[in-house]
Amino acid sequence: QLIKKLVVEENHQWPKRKKIKSLVEEENRKKDIVKWISNVIGKKHKASGIAPCPFANKVIKDKTYEIIKAKTDLAKQVAHLCDIIDIFKLDIIIVYCDNTVIEKNLKKICNSIQKNKPHTAVMYDHPTNNGLVKGMQFSYQKCPLVMIQPMKKLKAAQKTLRKKTNWYQIVGNEDMFV
């Protein structure tokens, strides 16, 4: 009877432990993405003298971002996030995926949503893509990401970069929603 009770208690508590471990893993992934943004995306590249995204550190400092784990229906989730990003006054939402989504499917999802949600920029990053542009590393490389930004804010940032920097002369205009 006592053994049966202990087994029941153990089994009852196991899902709680599993959930806590999952939450810790999610928090660690989020911290790692913030670290990547600060140390790679927002940091000046030695050879070019520019950061892959000169606005990245301000976004981190101002906390105008959200990092979210992908759900089973990624397309539906991203489409929904496109609809609500302005409500929360965010500069970017980053959705990180497990490694089961292949780049071809991720690209299809993002392109499809981009066509239907022109008020947002929907971009992706996949570990199978080397993520190098003019020698600068843009890619997270650890798992697929979907990045969602309000198109208005992205266009304003692009305008600032064109007027006040030589960023586009160095990087070019590839896939930059121009």
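Further up the page is the structure itself.
Residues numbered from 1 in each chain as written. Predicted model: local features only at pLDDT ≥ 70, side-chain atom pairs only at ≥ 80, totals over all residues. Heavy atoms only, no water.

J.: How do you make sense of unusual backbone geometry when you look at a structure like this?
T.: What you tend to see is this: most non-glycine residues have negative phi, and most peptide bonds are trans. One non-glycine residue, Lys-63, lies in the positive phi region at around 55 degrees. Structurally, Lys-63 is set in the loop between helix H2 (56-62) and strand E1 (65-69). Taking relative accessible area as the criterion, Lys-63 reaches 63% and is therefore assigned exposed. Its identity is not glycine, yet Lys-89 carries a phi of approximately 55 degrees, on the positive side. Assignment of secondary structure puts Lys-89 in the loop between helix H3 (74-84) and strand E2 (92-96). Residue class for Lys-89 comes out exposed when judged on its relative accessible area of 64%. (Helix = DSSP H or I, 4+ residues; strand = E, 2+ residues; numbered from the N terminus. Buried < 20%, exposed > 50% of the residue type's maximum accessible area, 1.4 Å probe, protein only.)

J.: What am I meant to see in the sheet that holds E2 here?
T.: Note: strands within a sheet are paired through backbone hydrogen bonds, in either parallel or antiparallel orientation. Spatially, four strands are ordered E1-E2-E6-E3 in an open sheet, and the strand pairing comes out mixed. This sheet does not close on itself; its edge strands, each paired only once, are E1 and strand E3 (120-125). Recorded for the sheet is a direction-independent mean angle of 20 degrees between the axes of neighbouring strands. As paired elements, E3 and strand E6 (residues 145-150) share six bridges and run antiparallel to each other. (Pairing = 2+ DSSP bridges. Axes fitted to C-alpha atoms, helices over the stretch in contact; angles between N-to-C directions.)

J.: What should I look at first to understand the packing of H3 against helix H4 (residues 103-116) in this one?
T.: Two measures define how a pair of helices packs: the angle their axes make with one another and the distance between the axes. Two elements in contact, H3 and H4, have axes separated by 10 Å at closest approach and are oriented at 35 degrees. Seen along the crossing, H3 lies across H4 with a hand that is right-handed. The residues of H4 that touch H3, namely those facing Leu-74, Ala-75, Val-78, Ala-79 and Cys-82, are Leu-106, Ile-109 and Ile-113. Class assignment of the residues belonging to the contact of H3 with H4 gives a composition of eight nonpolar, no polar and no charged. (Left-handed = near helix turned anticlockwise from the far one by under 90°. Contact = heavy atoms within 4.5 Å. Nonpolar A, V, L, I, M, F, W, Y, C, P; charged D, E, K, R; others polar.)

J.: Please explain the pairing of E2 as it appears in this structure.
T.: Two faces make up the sheet, and in a regular strand the side chains alternate between them. Across the five residues of E2, five count as buried, placing the element largely inside the fold. Sheet topology places E1 next to E2; five bridges connect them, and they run parallel. Paired with Glu-66 across the bridge in E2 is Ile-93. Note on the crossover from E1 through H3 to E2: the handedness is right-handed. Both E2 and E6 contribute to a ladder of four bridges, which runs antiparallel. Directly across from Tyr-96, in E6, lies its bridge partner Leu-145. (Right-handed = clockwise from strand over helix to strand, strands pointing away.)

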